[in-house]
Amino acid sequence: ASAQRPEDVIQRYMQVAAGAPDEDCIICMDQLSNPSGYETPSTDEGGAQNTLPDAVGKFIKCGHTLHMLCMLAMYNNGTKDGSLQCPSCKTIYGEKTGTQPKGKMEIYSIAQSLPGHPDCGTIQIIYSIPPGLQGPEHPNPGQPYSCRGFPRFCFLPDNDKGRKVAWMRRLIFTVGTSSTTGEPDTVVWNGVHHKTEMMSNLSGHGYPDPNYLDNVLSELASQGVTDDCLKPP
Ligand code: APR
Ligand code: ZN
Ligand code: ZN
């Protein structure tokens, strides 16, 4: 996916708008009727010619408009994973991969029910992440990161909502400072709450919790993960 040209990624998800709306570009804050406020070099690092028009672009699904060259600058500044996110409404185009370090996610079914979910079995997810070096998307690129408490075991009810949550793809962990231990440069949970206890609730991260599935689905939505991108890989 990283081999795609940035201009092609932009043009896959944005069309040239017919005429410039009387609004400001959300990225450069200049009027859409003016050219992009970004100094975009006409060639990229590889020496390839920039083929993107200096025009107002319109996202194909949400319809928000901004300078195409501003969107290109924002894309080039990120992880360049082939996906775009509308800066106005956060709609995601393509597959956002997040900043999760490399590792393994295994999913198992358990017949035993969770407290509060007597009607179905349980999905058990096991995350294994080995230590590694931080990439450009992490707080201290080039520095190592540690991994405490792995493998981590998580539990979800095996119903429609629970299965939806199970396909969260690389948004679960990131590298940062642990708020529990204060340790910097380590792998930490990334704002999507997991249940790490099955039949008890000693940590507060267990069952029963009647609102858990709805809460975690809205945490995912705030990271831009909605039904649309929750297809099994
Ligand atoms: N289970 C699930 N979520 C947790 C847990 C836990 N045991 N402890 C903390 N969280 C939540 C916090 O409520 C917060 O929202 O994860 C988020 C990030 O907290 P950090 O302390 O920064 O995360 P991390 O260092 O990754 O986790 C602390 O969780 O699973 C255990 O073994 C792990 O002991 C470690 C603990
Ligand atoms: Zn702009
Ligand atoms: Zn939008």
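Refer to the structure presented above.
Right, let's walk through the structure included here.

A look at the side chain of H194
Okay, so step 1: Here H194 is to be found in the loop between β12 (186-189) and α4 (212-222).
Okay, so step 2: A distance of 2.9 Å separates a polar atom in the side chain of H194 from the backbone oxygen of V192.

A few points about the nonpolar core
Okay, so step 1: Within the largest apolar cluster, 24 residues are counted, with the highest numbers of intra-cluster contacts made by Y127, F150, L156, V165, F173 and V187.
Okay, so step 2: Listing elements by their share of this core, those giving two or more residues are β7 (122-128), β10 (152-157), β11 (173-176) and α4.
Okay, so step 3: For this core, the element with the most residues is α4, which contributes five residues.
Okay, so step 4: Not counting residues within four places of it along the chain, the set of residues in contact with F150 comprises Y127, S128, I129, F173 and V187.
Okay, so step 5: Of all hydrophobic cores here, the second largest spans 21 residues; its members include V9, I10, A17 and C70.

With respect to the sheet that holds strand β3 (residues 65-67)
Okay, so step 1: A sheet is described by the order of its strands in space; here three strands give the open sequence β1-β2-β3, paired in antiparallel fashion. Edge positions in the open sheet fall to β1 (14-16) and β3, since each of these has one partner strand only. In this sheet, neighbouring strand axes are inclined to one another by 40° on average, regardless of whether the strands run parallel or antiparallel.
Okay, so step 2: The sheet contact formed by β1 and strand β2 (residues 56-59) spans three bridges and is antiparallel. In the sheet register, M14 faces β2, and the bridge partner there is F59.
Okay, so step 3: This element, helix α1 (residues 6-13), spans β1 and β2 of the sheet and lies at about 85° to β1.
Okay, so step 4: Helix-sheet contacts for helix α2 (residues 68-76) involve β1, β2 and β3, and the interaxial angle to β3 is about 75°.

What to know about the coordination of the zinc ion (ligand 3)
Okay, so step 1: Donor atoms from the polypeptide that coordinate the zinc ion (ligand 3) comprise C62 (SG), H64 (ND1), C86 (SG) and C89 (SG), at 1.9 to 2.3 Å from the metal.
Okay, so step 2: Note that the zinc ion (ligand 3) binds four donor atoms; their angles at the metal cover 106 to 115°, and the shape is tetrahedral.
Okay, so step 3: Counting along the primary sequence, the residues that act as donors to the zinc ion (ligand 3) give the motif C-x1-H-x21-C-x2-C. Of this pair, C62 sits in the loop between β2 and β3 while C89 sits in the loop between β4 (84-85) and β5 (92-93), and the two are 27 residues apart along the sequence.
Okay, so step 4: By relative accessible area, C89 is classed as partly exposed at 34%.

About the criteria used
Residues numbered from 1 in each chain as written. Chains lettered and ligands numbered in written order. Predicted model: local features only at pLDDT ≥ 70, side-chain atom pairs only at ≥ 80, totals over all residues. Heavy atoms only, no water. Helix = DSSP H or I, 4+ residues; strand = E, 2+ residues; numbered from the N terminus. Polar contact = N/O pair within 3.5 Å; in protein donor to acceptor, adjacent residues only side chain to side chain. Core = buried A, V, L, I, M, F, W, Y, C linked by side-chain atoms within 4.5 Å. Buried < 20%, exposed > 50% of the residue type's maximum accessible area, 1.4 Å probe, protein only. Contact = heavy atoms within 4.5 Å. Pairing = 2+ DSSP bridges. Axes fitted to C-alpha atoms, helices over the stretch in contact; angles between N-to-C directions. Donors = N, O, S within 2.8 Å, 3.2 Å for Na, K, Ca; no water. Tetrahedral: all angles 85-135°; square planar, octahedral: opposite > 155°, others 65-115°.

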